[in-house]
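Letter by letter, the chains look like this.
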2 protein chains.
Amino acid sequence: MLPNNATTDTRLRIIDAARTLMFASSYTEVGVAAICDQAGVRKGSFYHFFPSKKDLTLAVLEAHFADAKTQLLDQAFAADIPPLDRLTRLAEMAYRFQAQLQQDTGHVLGCPFGNLATELSTQEETIRAAIVAIMGRFEAELRDTLAAAQALGQLEGADIGATAKAMLAYFEGVMLMAKASNDAEVVRRLLPSMTAIRVPQVSE
Amino acid sequence: MLPNNATTDTRLRIIDAARTLMFASSYTEVGVAAICDQAGVRKGSFYHFFPSKKDLTLAVLEAHFADAKTQLLDQAFAADIPPLDRLTRLAEMAYRFQAQLQQDTGHVLGCPFGNLATELSTQEETIRAAIVAIMGRFEAELRDTLAAAQALGQLEGADIGATAKAMLAYFEGVMLMAKASNDAEVVRRLLPSMTAIRVPQVSE
């Protein structure tokens, strides 16, 4: 029997290896053998923790979201910042993150959730549902921010729920274009315009 | 020796099979064997036409773009439509296309260029460059449209080039979110707000 902390460590090493490899390439490209190699664990150990690569990917998504929450969302969507300034801060932080990835790996990697969504949505319903749930958390922060702005008399006539969805779509699209262009400057130049997006209320 | 029209037909059958399979799942998921099965050709015949799956994918991208040009861009960006109305038409047509895909296949498939961009940009430089070139064609149509609008006194203060890039990013993001949500209604509700996007000119 391994002591509990070694068990936890092995599990985390597998998640961390999968996360790094999949973010750098794709879900399908990365096999269990490569994950085990990178994590320094045997295949038997892998399957002890994760029945399948799909199960591991759900844990990878959770790990990405835990970091996105503490390192991006909690800081950008801080209640002491004027609502629309939170979006500007989000844009700045997302730029710095992609610029760092480009510097470290030679590639802009985009959004781990958006990447897996385009790759797997038609193939892996469980993963698609998990991504939608995570995006819903991001969308809720945007919606709360827009509601706070509207309470201050901003965003008149906008459908707050639909505008939050539209801003998230723009965020994902900018990440996609930055990855396609392999240029973090795309994020710096385009993402602040997230604040211009409005979806008008549907008239009765 | 096959007559030329049979040769052409075999090549097109391979492209068509690869295009359908990759659009429905992903580049990496679809192997040469599956493409040959779907096209009804032997592997030797495949490699006669395409040295590798990567070469085939470049032809798949061209085929997608040829259709996107005649079925979407040429119709939406028609010179006899007022400039900003072209964007509204583009949004309507993109919605109808995704709704049809959802009806036919059970899935919103999103944008074939955006899908391959997120999956392959860090891995296949030739494919990434081909996608960037195609997106540049789309972006040029948007830029011409915005220039025409600006000549009519609209879009004052907007950086036309950057706004065209931002609108394309939004288009891609909406396709991504519609695919993630597996719901073409996302396109119908969100994409018309493309017209609200503005990237201001950078002040000197």
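Just so you know, these numbers come straight off a predicted model, no measurement behind them. (Residues numbered from 1 in each chain as written. Chains lettered and ligands numbered in written order. Predicted model: local features only at pLDDT ≥ 70, side-chain atom pairs only at ≥ 80, totals over all residues. Heavy atoms only, no water.)

**Some thoughts on the overall build of chain A**
Part 1: When helices and strands are counted, chain A shows nine helices and zero strands.
Part 2: Counting from the amino terminus, helix and strand elements in chain A follow one another as α-α-α-α-α-α-α-α-α.
Part 3: Across the 204 residues that make up chain A, the buried fraction comes to 51%.
Part 4: In chain A, the proportion of contacts linking residues at least 24 apart, taken out of those at least 6 apart, comes to 64%.
Part 5: Summing over all exposed atoms, chain A offers an accessible surface of approximately 9,100 Å²; the carbon and sulfur share of this is 51%.
Part 6: Taking the average place of the 19 positive charges on the side chains of chain A and the average place of its 24 negative ones, the gap between the two points comes to 3 Å. (Helix = DSSP H or I, 4+ residues; strand = E, 2+ residues; numbered from the N terminus. Buried < 20%, exposed > 50% of the residue type's maximum accessible area, 1.4 Å probe, protein only. Contact = heavy atoms within 4.5 Å. Areas by Shrake-Rupley, 256 points an atom, 1.4 Å probe, with all protein chains shown as cover. Lys, Arg positive; Asp, Glu negative; His and termini not counted. Charge placed at Lys NZ, Arg CZ, Asp CG, Glu CD.)

**Some points on the domain arrangement of chain A**
Residue and element names in this part refer to chain A.
Part 1: Domain parsing of chain A yields domain 1 (1-50) and domain 2 (53-196).
Part 2: Using only C-alpha atoms to locate each centre, domain 1 and domain 2 end up separated by 26 Å.
Part 3: Of the residues lining the interface, 17 residues belong to domain 1; the matching set on domain 2 comes to 23 residues.
Part 4: On the domain 1 side of the interface with domain 2, the three residues burying the most area are R19, F23 and Y27, jointly 55% of the side's total.
Part 5: The tally of links between domain 1 and domain 2 comes to one salt bridge. (Domains from an automatic or database assignment. Buried area = accessible area lost by both parts, 1.4 Å probe. Salt bridge = Lys/Arg side-chain N within 4 Å of Asp/Glu carboxyl O.)

**What about the interface of chain B and chain A?**
Part 1: Listed per partner, the contact involves 44 residues of chain B and 44 residues of chain A.
Part 2: Interface area for chain B against chain A, summed over the two sides, is near 3,600 Å², with a carbon-plus-sulfur share of 65%.
Part 3: Of all residues in chain B, the largest losses of buried area upon contact with chain A belong to T118, T122 and R189 of chain B, amounting jointly to 18% of the total for that side.
Part 4: Joining chain B to chain A, the criterion identifies two salt bridges.
Part 5: Notably, a salt bridge pairs R189 of chain B with D159 of chain A, separated by 2.8 Å at the nearest N-O pair.
Part 6: Scanning the region where chain B abuts chain A turns up 13 residue pairs in polar contact (both at pLDDT 80 or more).
Part 7: For the side of chain B that touches chain A, the element with the most residues is helix α8 (residues 160-181) of chain B, which contributes 14 residues.
Part 8: A breakdown of the residues in the side of chain B that touches chain A according to their chemical character gives 21 nonpolar, 14 polar and nine charged. (Polar contact = N/O pair within 3.5 Å; in protein donor to acceptor, adjacent residues only side chain to side chain. Nonpolar A, V, L, I, M, F, W, Y, C, P; charged D, E, K, R; others polar.)

**What to know about unusual backbone geometry**
Part 1: Non-glycine residue L155 of chain A carries a positive phi angle of around 60°.
Part 2: Positionally, L155 of chain A belongs in the loop between α7 (125-151) and α8 (160-181).
Part 3: In this structure, N182 of chain B is a non-glycine residue whose phi angle is positive, near 45°.
Part 4: If you trace the backbone, N182 of chain B turns up in the loop between α8 and α9 (185-190).

**Thoughts on helix α4 (residues 53-76) of chain A**
Part 1: Between its terminal C-alpha atoms α4 of chain A stretches 32 Å, which fits the 34 Å expected from 24 residues at 1.5 Å a residue.
Part 2: If you look at α4 of chain A, its biggest bend is around 45°, right at K69 of chain A. (Expected span 1.5 Å × (residues − 1). Bend = angle between axes of the 7 residues up to and from the residue.)

**With respect to helix α6 (residues 112-120) of chain B**
Part 1: Counting buried residues in α6 of chain B gives nine out of nine residues, a clear majority hidden from the surface.
Part 2: Taken residue by residue, α6 of chain B has P112, F113, G114, N115, L116, A117, T118, E119 and L120 of chain B as its buried positions.

**Details of the state of the cysteines**
Part 1: Per the counting criterion, the structure on display carries zero disulfides over all chains.
Part 2: Lacking any disulfide linkage, C111 of chain B is separated from the closest cysteine sulfur, that of C111 of chain A, by 17 Å. (Disulfide = S-S within 2.5 Å.)

**What to know about the pattern of salt bridges**
Part 1: Counted according to the given criterion, the structure contains 18 salt bridges over all chains.
Part 2: Two residues, E125 of chain B and R128 of chain B, come together in a salt bridge whose shortest N-O distance is 2.8 Å. You can see E125 of chain B and its partner R128 of chain B sitting in helix α7 (residues 125-151), three residues apart, about one turn around the helix.
Part 3: Measuring nitrogen to oxygen at the nearest pair gives 2.4 Å for the salt bridge that ties E185 of chain B to R188 of chain B. Linking E185 of chain B with R188 of chain B, this pair stays in helix α9, spanning three residues, or about one helical turn.
Part 4: Overlapping salt bridges bring together E139, R143 and K165 of chain A as one network.

**Here we look at the environment of A79 of chain A**
Part 1: One can find A79 of chain A in the loop between α4 and α5 (83-105).
Part 2: A C-alpha to C-alpha distance of 8.8 Å links A79 of chain A and T145 of chain A, two positions 66 residues apart in sequence.

**Some details on the environment of L168 of chain A**
Part 1: Relative to the helices and strands, L168 of chain A resides in helix α8.
Part 2: Between the C-alpha atoms of L168 of chain A and A79 of chain A, which are 89 residues apart in sequence, the distance is 19 Å.
Part 3: Excluding anything up to four places from it in sequence, L168 of chain A contacts M135, F138, E139 and L142 of chain A together with M177 of chain B.

**With respect to the packing of helix α5 (residues 83-105) of chain B against α7 of chain B**
All names here are of chain B.
Part 1: Remark: α5 packs on α7, axes separated minimally by 7 Å, with the N-to-C direction vectors making an angle of 145°. The residues of α7 that touch α5, namely those facing P83, L84, R86, L87 and L90, are F138, L142, T145, L146, A148 and A149.
Part 2: Looking at the contact of α5 with α7 residue by residue, the classes come out as nine nonpolar, one polar and one charged. (Axes fitted to C-alpha atoms, helices over the stretch in contact; angles between N-to-C directions.)

**Regarding the nonpolar core**
Part 1: With 139 residues, the main nonpolar core has Y170 and L191 of chain A together with Y170 and L191 of chain B as its most contacted residues.
Part 2: Excluding residues within four positions of it along the chain, Y170 of chain B makes contact with A166, A169, Y170 and I197 of chain A together with L190, L191, S193, M194 and I197 of chain B. (Core = buried A, V, L, I, M, F, W, Y, C linked by side-chain atoms within 4.5 Å.)

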